[in-house]
Amino acid sequence: THRLLVAFLDETAKVVEVKEVELTGAHTVLKFENKHFKAIIPNFDDWAYIKVVLDPHSQKFLVEHFAALEHDSAKLLVARSLNEAVRDVKLRGDAVVHMLLDKFFEEKPFADGQLLRSMLGVLNDIVFSYLPRSFLVQTRSLVFEKLSKILAVQETTEISKTIIKE
């Protein structure tokens with residue numbers, strides 16, 4: 001068996017309840033009282049990789065409120081889930097790249113190098129693995145332009161040195 005946390009979010013994308021769940025097999029049913037929750041995030045606050053398929057309602061809400069998510073691990077889990085949806089041909093890669101650039105990669109310094117490197121990895125995976133050639137040049141240019149602006153405001157820290165080196 002394996003245990004994981006499931007987070008329940010309110011209308012502002014704030015975590016209002018966390019429940020520990022014991023997984024007993026390939027599929028585990030989680031029973032809960034819906035107290036007007038707007039989204040559910042499985043495997044909450046866990047940086048380890050797990051394939052997460054968000055339900056359509058949670059996915060739509062979390063995309064719309066991505067910037068409001070307070071926990072870095074939740075942002076990464078949502079981004080990875082979107083990456084999986086692109087890989088499974090359930091979402092368009094260019095739409096996910098635009099959403100991440102608009103809602104995550106703001107032109108401000110980043111304090112957390114792990115989150116930034118992980119999000120860059122998600123972007124890289126979508127752009128170079130799942131975009132059709134017709135979108136590749138335009139999307140790569142957009143990503144480069146946005147990341148160049150971020151690096152311009154990033155202080156000379158280990159984070160920016162790591163990005164430039166990679």
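Not measured: the values here are computed from a predicted model.

(A) Up close: the sheet that holds strand β2 (residues 15–23). Judged by pairing direction, the sheet is antiparallel, and its three strands sit side by side in the order β2-β1-β3 without closing on themselves. The sheet is open, and its two edges are formed by β2 and β3 (39–42), each paired on a single side. Going across the sheet, the axis of each strand differs from the next one's by a mean of 25 degrees, ignoring polarity. Relative to β3, strand β1 (residues 2–9) is paired through four bridges, and the arrangement is antiparallel. By the bridge assignment for β3, F8 is matched with I40. Set on the sheet, helix α1 (residues 56–64) makes contact with β1 and β3; between it and β3 the angle comes to about 95 degrees.

(B) Molecular detail of the environment of L100. With respect to the helices and strands, L100 occurs in helix α3 (residues 93–103). A residue is classified by how much of its surface remains accessible, and L100, at 0% relative accessible area, is buried. Once the C-alpha coordinates of L100 and M119 are considered, the two residues, 19 residues apart in sequence, prove to be 8.6 Å apart.

(C) Spotlight on the packing of helix α2 (residues 72–87) against α3. The geometry of α2 relative to α3 is characterised by a closest axis approach of 9 Å and an angle of 165 degrees between their N-to-C directions. Here α3 runs roughly antiparallel to α2, going by the angle between their axes. Judged by the sense of rotation from one axis to the other, the crossing of α2 with α3 is left-handed. Residues A79, L82 and V86 of α2 touch α3, and the partners they reach there are G93, V96, M99 and L100. Residue composition of the contact of α2 with α3, grouped by class: six nonpolar, one polar and no charged.

(D) A look at the nonpolar core. With 38 residues, the main nonpolar core has I41, L62, L100, F105 and M119 as its most contacted residues. Elements with a minimum of two residues in this core: β1, β3, α1, α2, α3, α4 (113–130) and α5 (133–153). Considering each element in turn, this core owes the most residues, eight residues, to α4. Judged by nonpolar contacts, the second largest core, of five residues, contains L4, F8, V21 and F37.

(E) Structural detail: the packing of α2 against α4. In the contact formed by α2 and α4, the axes pass within 10 Å of each other and the chain directions differ by 10 degrees. The angle between the axes of α2 and α4 places the two elements in the roughly parallel class. Side by side, α2 and α4 meet where D72, K75, L76, A79, R80, N83, V86 and R87 of the first sit next to L115, S118, M119, V122, D125, I126 and Y130 of the second. Tallied by class, the residues present in the contact of α2 with α4 amount to eight nonpolar, two polar and five charged.

How each quantity is defined
Residue indices follow the written sequence of each chain, beginning from 1 at its first position. Owing to the predicted nature of the model, reporting of local features is limited to residues with pLDDT of at least 70; listing and counting of side-chain atom pairs is limited to 80 or more, with chain, interface and lining totals taken over all residues. Note: side-chain values were computed over all heavy atoms of the structure, leaving out hydrogens and water. We call two strands paired when DSSP finds no fewer than two bridges between them. Secondary structure elements are taken from DSSP: a helix is a run of H or I of four residues or more, a strand is a run of E of two residues or more, and numbering for both begins at the N terminus. Axis definition: a line fitted to C-alpha atoms, over the contacting stretch in the case of helices. Angles run 0 to 180 degrees between N-to-C directions. Between two residues, a contact is recorded if the distance between any of their heavy atoms is within 4.5 Å. A simple rule labels every residue: compare its accessible area, found with a 1.4 Å probe on the protein chains alone, to the largest value its type can have, and call it buried under 20%, exposed over 50%, or partly exposed in between. Geometric relationships in this document are graded by angle, where less than 35 degrees denotes roughly parallel, more than 145 denotes roughly antiparallel, 65 to 115 denotes roughly perpendicular, and other angles denote oblique. Each crossing gets its handedness from the near helix: less than a right angle anticlockwise from the far helix is left-handed, clockwise is right-handed. Gly falls in the polar group here, along with every residue not listed as nonpolar (Ala, Val, Leu, Ile, Met, Phe, Trp, Tyr, Cys, Pro) or charged (Asp, Glu, Lys, Arg). In these notes, a set of buried Ala, Val, Leu, Ile, Met, Phe, Trp, Tyr and Cys residues joined through side-chain atoms within 4.5 Å is what counts as a nonpolar core.

That is the geometry; function is a separate question.
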